[in-house]
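In case you want the letters, here they are:
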Amino acid sequence: MKSKTDLAVEGATKRFGGLAAVDDVSFRVESGKFFSILGPSGCGKTTLLRMIAGFESPDEGTIEIRGQDMAGIPPNRRPVNLIFQHLALFPMMNVEGNIAFGLKRRGLGKKEIRRKIGEILERVDLAGFGPKRIHQLSGGQKQRVAIARCLVLEPAVLLLDEPLGALDLKLREQMKVELKKLQAKVGTTFVYITHDQSEALVMSDHIAVMNRGRFEQTDTPENLYHSPKTPFVAGFVGDNNAWPCEAAGRDGDDAVLETPEGIHFRVPPPEHFSSGGLVELFLRPEAMILQPGPDEECINRFDAHVKAFLFDGAASRVLVVPEGSDRELLVALPQNRRYDHIEPGSEIQVGWHPEVAVCFPKGSDDPEEPGEDREEQ
Ligand code: ATP
């Protein structure tokens, strides 16, 4: 069966003065998917979301929701709902009153409203919470009421603008999982904007990485992480060590890179590889091996000293500095070994296999006009 498209954006552009806040963006979201737009502050996420919701109109391009062109349709007539970081719940009303609000405006009868409220509270795991006042709820429960209030109106697409931004870290971690489960359960299409890559990675079916008004790559979380298509995506999604190198030449099927410290590495030849050019090498912390044994497949090795031991349970890392430089690289500590002998000042060897490297010709991430004068917020 062909999947249905709930949202189709084609060539959307929005300019403020000389700045293209959203610059020729196209994407589609299939029905029932969790789609995130991930990018740094000021990249244009909110402007794009506001165009979908109808609060801004694109200077160019089209926005279709369930096959209907949204041009000229005001926000309150669009089949979308928007949730902000500040949930905008009505504090003087109880949970029921908050959820009933939109249904009353639609002119539904009392009995129908009561039935719908009961159903939606059950779906967001808040059965029996109807009479509670908003101030009696936890942060996570308030989030779920805000979502219930939107979902009860059965939008084609639920738009979420950094809804977890105001929560403390622990609750945010919890809500990531809750939101993902909730979306899968209700099956409504979610379009979620965030600057937090972990939120996007954990929850989404697909993520568009946005930079300077443009989508750099739209992909599954796994592909964005393992096969970034641009240096910006490599640097923005997940932790990465960037290491500028010179393309020293070829050796058989391999390209040889030389670091500014004079270390030689072999990698599969990146696209547009030419000797003498500059190459940006990216190595994930977990792609490097501390103290590789002689038999481990690490053609690439370098000597370093440990600058700091960053204990963080399962996410523990070591900050290492290659010999002859002041470059700092993060190397992950594998879970199944203890590293009592690694401490600041230790001399160690670090190894990595050529296949784990991601390389780009230097300059492939240079900003394009007119993004140069974009203000970061
Ligand atoms: P944040 O995560 O900080 O909210 P964002 O990615 O959502 O950022 P936008 O709010 O869409 O980014 O802003 C994109 C760019 O457009 C910014 O440079 C911003 O200053 C500019 N901009 C947004 N709205 C307006 C406006 N109404 N008038 C002029 N410039 C605007």
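Below or above, wherever it landed, is the structure these notes cover. (Residues numbered from 1 in each chain as written. Predicted model: local features only at pLDDT ≥ 70, side-chain atom pairs only at ≥ 80, totals over all residues. Heavy atoms only, no water.)

## Concerning the site of the ligand
And then number 1: By nearness alone, 15 residues border the ligand, and Ser41, Gly42, Lys45, Thr46 and Thr47 come closest of all.
And then number 2: Here an oxygen atom of the ligand sits 3.0 Å away from a polar atom, N or O, in the main chain of Gly44.
And then number 3: For the ligand, an oxygen atom lies 2.5 Å from a polar atom in the side chain of Thr47.
And then number 4: Here the ligand loses 69% of its free accessible area of 630 Å² to cover by the protein chains.
And then number 5: At the level of elements, strand 2 (19–30) and helix 1 (45–53) are the ones that each hand at least two residues to the shell around the ligand.
And then number 6: Here the element with the most residues in the shell around the ligand is helix 1; it accounts for three residues.
And then number 7: A per-class count over the shell around the ligand returns five nonpolar, six polar and four charged. (Near = heavy atom within 4 Å. Polar contact = N/O pair within 3.5 Å; in protein donor to acceptor, adjacent residues only side chain to side chain. Areas by Shrake-Rupley, 256 points an atom, 1.4 Å probe, with all protein chains shown as cover. Helix = DSSP H or I, 4+ residues; strand = E, 2+ residues; numbered from the N terminus. Nonpolar A, V, L, I, M, F, W, Y, C, P; charged D, E, K, R; others polar.)

## A short note on the sheet that holds strand 1 (residues 5–16)
And then number 1: Strands sit in the order 2-1-4-5 across an open sheet of four strands; the sheet is antiparallel. Each edge of the open sheet carries a strand with a single partner, namely strand 2 and strand 5 (68–69).
And then number 2: In the packing of helix 1 onto the sheet, contacts are made with strand 1, strand 2 and strand 4 (60–65), and the angle to strand 2 comes to roughly 60 degrees. (Pairing = 2+ DSSP bridges. Contact = heavy atoms within 4.5 Å. Axes fitted to C-alpha atoms, helices over the stretch in contact; angles between N-to-C directions.)

## Observations concerning the side chain of Arg144
And then number 1: For Arg144, the location among the structural elements is in helix 4 (residues 139–151).
And then number 2: Within the structure, Arg144 has its side chain in polar contact with the backbone oxygen of Val124 (distance 3.1 Å).
And then number 3: In contact with Arg144, not counting residues within four places along its chain, are Val124, Asp125, Leu126 and Glu178.

## Considerations on a negative patch on the surface
And then number 1: On the surface, a cluster of negative charge is made up of Glu10, Asp24, Glu64 and Asp69.
And then number 2: With respect to the secondary-structure elements, Asp69 resides in strand 5.
And then number 3: Asp69 sits in the partly exposed class, given a relative accessible area of 39%. (Patch = residues over 30% accessible without salt bridge, like charges linked within 9 Å, V, L, I, M, F, W, Y side chains within 5 Å. Salt bridge = Lys/Arg side-chain N within 4 Å of Asp/Glu carboxyl O. Lys, Arg positive; Asp, Glu negative; His and termini not counted. Charge placed at Lys NZ, Arg CZ, Asp CG, Glu CD. Buried < 20%, exposed > 50% of the residue type's maximum accessible area, 1.4 Å probe, protein only.)

## Thoughts on the sheet that holds strand 18 (residues 329–332)
And then number 1: If you walk across this open sheet you meet the five strands as 15-19-16-17-18, and the pairing is antiparallel. Where the open sheet ends on each side, the last strands, each with one partner, are strand 15 (289–290) and strand 18.
And then number 2: Relative to strand 18, strand 17 (residues 317–322) runs antiparallel, the two being bridged by four bridges. Of the residues in strand 18, the one forming a bridge with Val320 is Leu329.

## Remarks on the pattern of salt bridges
And then number 1: Throughout the structure, instances matching the rule amount to 16 salt bridges.
And then number 2: Residue Glu173 pairs with Lys176 through a salt bridge whose shortest N-O separation is 3.1 Å. Placement of the pair is Glu173 and Lys176 together in helix 5 (residues 169–186), with a separation of three residues, close to one helical turn.
And then number 3: Residue classification places Lys176 among the buried residues on the basis of a relative accessible area of 3%.
And then number 4: Among the salt bridges present, the one from Asp251 reaches Arg266, with a minimum N-O distance of 2.9 Å. Of this pair, Asp251 sits in strand 11 (residues 241–251) while Arg266 sits in strand 13 (residues 264–267), and the two are 15 residues apart along the sequence.

## A word on helix 2 (residues 95–105)
And then number 1: Residues of helix 2 that are buried: Val95, Gly97, Asn98, Ile99, Ala100, Gly102 and Leu103.
And then number 2: The inward-facing, buried residues of helix 2 contact helix 3 (110–123) and helix 4.
And then number 3: With a side-chain oxygen positioned 3.3 Å from the backbone nitrogen of Glu96, the residue opening helix 2 is Asn94.
And then number 4: Gly107 sits one or two positions beyond helix 2 and adopts a positive phi of about 85 degrees.

## Section: the layout of surface pockets
And then number 1: Looking at the largest pocket, its volume works out to about 810 Å³.
And then number 2: The wall of the largest pocket is formed by 25 residues, among which Asn76, Val80, Asn81, Arg105 and Leu153 lie closest to the centre.
And then number 3: The biggest single contributor to the lining of the largest pocket is strand 6 (residues 80–83), with four residues.
And then number 4: Grouping the constituent residues of the lining of the largest pocket by class yields 16 nonpolar, three polar and six charged. (1 Å grid on protein atoms, 1.4 Å probe; cavity = no way out; pocket = protein on both sides within 12 Å on 5 of 7 lines; lining within 4 Å. Points joined across faces, edges and corners; volume = space filled by probe spheres on them.)

## Considerations on the nonpolar core
And then number 1: Within the largest apolar cluster, 37 residues are counted, with the highest numbers of intra-cluster contacts made by Ile99 and Leu158.
And then number 2: Listed by contribution, the elements that provide at least two residues to this core are helix 2, helix 3, helix 4, strand 7 (157–161), helix 5 and strand 8 (189–194).
And then number 3: Non-local contacts of Ile99, meaning those with residues more than four positions away in its chain, are made with Ile117, Ile120, Leu121, Val145, Ala148, Arg149 and Val152. (Core = buried A, V, L, I, M, F, W, Y, C linked by side-chain atoms within 4.5 Å.)

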